[in-house]
Amino acid sequence: MKPRKQYLIEKLKLQPHPEGGFFREQYRSGATFPVHEYDSGFTGPRAYATGIYYLLGASDFSAFHRIKSDEIWHHYEGRSLTIHMIHEDGLYEGLYLGPEIGRGEQFQHVVPARSWFAVTVNADPESDADAYTLAGCTVAPGFDFDDFEMGDPYRLKNAFPEHADLIDKLTKS
């Protein structure tokens, strides 16, 4: 019998994501709007919203990155996640996404536009190698790879030296 993680990857037709883990876009609104008129950081019109499935295993992480839109994370099943955010002012914030609301987890969290963030599964990859999390991400204005920036460890550590250990752990070179 297959581990649940592998089953979900196959059944949901998930593909490797550049930041780590696996994903598949599930929704992209058919309508677009000229968001560049309201925020010069965008390069052209964007879909109103997009949505993906996103899966991380215990030994995976989503490397530090940022996008130009707000991103709403939704917990579907599996272990809880920690969303590690470094805001533009350098403040670190850890958000816990999961089903145990009595333990401070939430079913949804918003990562504000332009915040650097990385994500880890709250499991020990050594003792719980089959642990995973299936989440969803909704982005508005809709996601476009033109709005995606992967974190460069050197630049992030220069900008946020107080978070150097975390940046070393959660970036890809």
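Relevant structure appears above.
Residues numbered from 1 in each chain as written. Predicted model: local features only at pLDDT ≥ 70, side-chain atom pairs only at ≥ 80, totals over all residues. Heavy atoms only, no water.

(A) Region of interest: the sheet that holds strand β8 (residues 81-86). Strands sit in the order β9-β8-β11-β6-β13 across an open sheet of five strands; the sheet is antiparallel. The open sheet has two free edges, formed respectively by β9 (92-97) and β13 (148-150), since each of these has just one partner strand. Averaged over all adjacent pairs, the angle separating strand axes in this sheet is 30 degrees, with direction ignored. Two elements, β8 and strand β11 (residues 116-121), share six bridges in a ladder whose sense is antiparallel. Considered in β11, the bridge of H84 is made with A118. (Pairing = 2+ DSSP bridges. Helix = DSSP H or I, 4+ residues; strand = E, 2+ residues; numbered from the N terminus. Axes fitted to C-alpha atoms, helices over the stretch in contact; angles between N-to-C directions.)

(B) The arrangement of the side chain of T82 in detail. Positionally, T82 belongs in strand β8. In this structure T82 comes out as buried when scored by relative accessible area, which is 6%. For T82, the side chain forms a polar contact with the side chain of N122, separated by 2.7 Å. Those residues in contact with T82 that sit more than four places away from it in its chain are Y92, L95, Y96, A118, V119, T120 and N122. (Buried < 20%, exposed > 50% of the residue type's maximum accessible area, 1.4 Å probe, protein only. Polar contact = N/O pair within 3.5 Å; in protein donor to acceptor, adjacent residues only side chain to side chain. Contact = heavy atoms within 4.5 Å.)

(C) Region of interest: the nonpolar core. Y54, W73, L81, I83, F117 and V119 are the most contacted members of the largest nonpolar core, which totals 19 residues. For this core, the elements supplying multiple residues, two or more each, are β5 (50-57), β8, β9, β11 and β12 (132-140). Not counting the four nearest positions on each side in its chain, F117 is found in contact with A63, F64, H65, E71, W73, I83, H84, M85 and V111. (Core = buried A, V, L, I, M, F, W, Y, C linked by side-chain atoms within 4.5 Å.)

(D) Examining unusual backbone geometry more closely. Here A140 and P141 are connected by a cis peptide whose omega angle stands at -10 degrees. With respect to the helices, strands and loops of the structure, P141 is situated in the loop between β12 and β13. Positioned with a positive phi, K13 is a non-glycine residue whose angle comes to about 55 degrees. Take K13: it is sitting in the loop between α1 (4-11) and β1 (15-16). Since its relative accessible area comes to 56%, K13 is described here as exposed. Residue R114 is not a glycine yet carries a positive backbone phi of 75 degrees. Note on placement: R114 falls in the loop between β10 (108-111) and β11.

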